[in-house]
Amino acid sequence: MDATIERKQTSFRLSVDLLQRLRIAARRENRSLNNFVESTLMDAVYNVPNSETVEAIQEARSGKYAGTVDTSSMDAFIKSCE
């Protein structure tokens, strides 16, 4: 079973600041810059929510069921979340 993924070399123009931030983020995760950028782009392109998730996102954004969260105490917070 051959699991080789065909890759094509390409180049992009990125701002110096963005490139530096990408390098820092890749280093933090102990990954190469190429691997970090490729996996980040794959997440952005292939991470499509299913219909149930889309409905939940729309419901949350509508504020229809939004209530007030009481942060005056832990007990009050828990009750306001029910």
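None of the values given here were measured: they were computed from a predicted structure.

A. Inspection of the layout of surface pockets at higher detail. Reported here for the largest pocket is a volume of approximately 620 Å³. Lining the largest pocket are 18 residues, with T10, F12, N34, V37 and L41 sitting closest to its centre. Mapped by element, the contributors of at least two residues to the lining of the largest pocket are α1 (16-28) and α2 (33-46). Counting residues per element, the lining of the largest pocket draws most heavily on α2, at six residues. Grouping the constituent residues of the lining of the largest pocket by class yields nine nonpolar, five polar and four charged.

B. How the structure looks around the confidence of the model for the chain. Per-residue confidence for the chain averages 90 on the pLDDT scale, and 99% of its residues sit at or above 70. When pLDDT is averaged over each element of the chain, α1 comes out on top at 97 and helix α4 (residues 74-81) at the bottom at 85.

C. Examining unusual backbone geometry more closely. Within the chain, N30 stands out as a residue other than glycine whose phi angle is a positive 55°. Position of N30 relative to the elements: it lies in the loop between α1 and α2. Here N30 falls in the exposed class, since its relative accessible area comes to 72%.

D. Inspection of the environment of L14 at higher detail. By the element assignment, L14 lies in the segment before α1. For L14, a relative accessible area of 43% gives the class partly exposed.

E. Examining a nonpolar patch on the surface more closely. Taken together, V69, M74, F77 and I78 make up a surface patch of nonpolar side chains, about 370 Å² in accessible area. In this structure, M74 sits in helix α4.

Parameters at a glance
Residues numbered from 1 in each chain as written. Predicted model: local features only at pLDDT ≥ 70, side-chain atom pairs only at ≥ 80, totals over all residues. Heavy atoms only, no water. 1 Å grid on protein atoms, 1.4 Å probe; cavity = no way out; pocket = protein on both sides within 12 Å on 5 of 7 lines; lining within 4 Å. Points joined across faces, edges and corners; volume = space filled by probe spheres on them. Helix = DSSP H or I, 4+ residues; strand = E, 2+ residues; numbered from the N terminus. Nonpolar A, V, L, I, M, F, W, Y, C, P; charged D, E, K, R; others polar. pLDDT = per-residue confidence, 0-100. Buried < 20%, exposed > 50% of the residue type's maximum accessible area, 1.4 Å probe, protein only. Patch = residues over 30% accessible without salt bridge, like charges linked within 9 Å, V, L, I, M, F, W, Y side chains within 5 Å. Areas by Shrake-Rupley, 256 points an atom, 1.4 Å probe, with all protein chains shown as cover. Salt bridge = Lys/Arg side-chain N within 4 Å of Asp/Glu carboxyl O.

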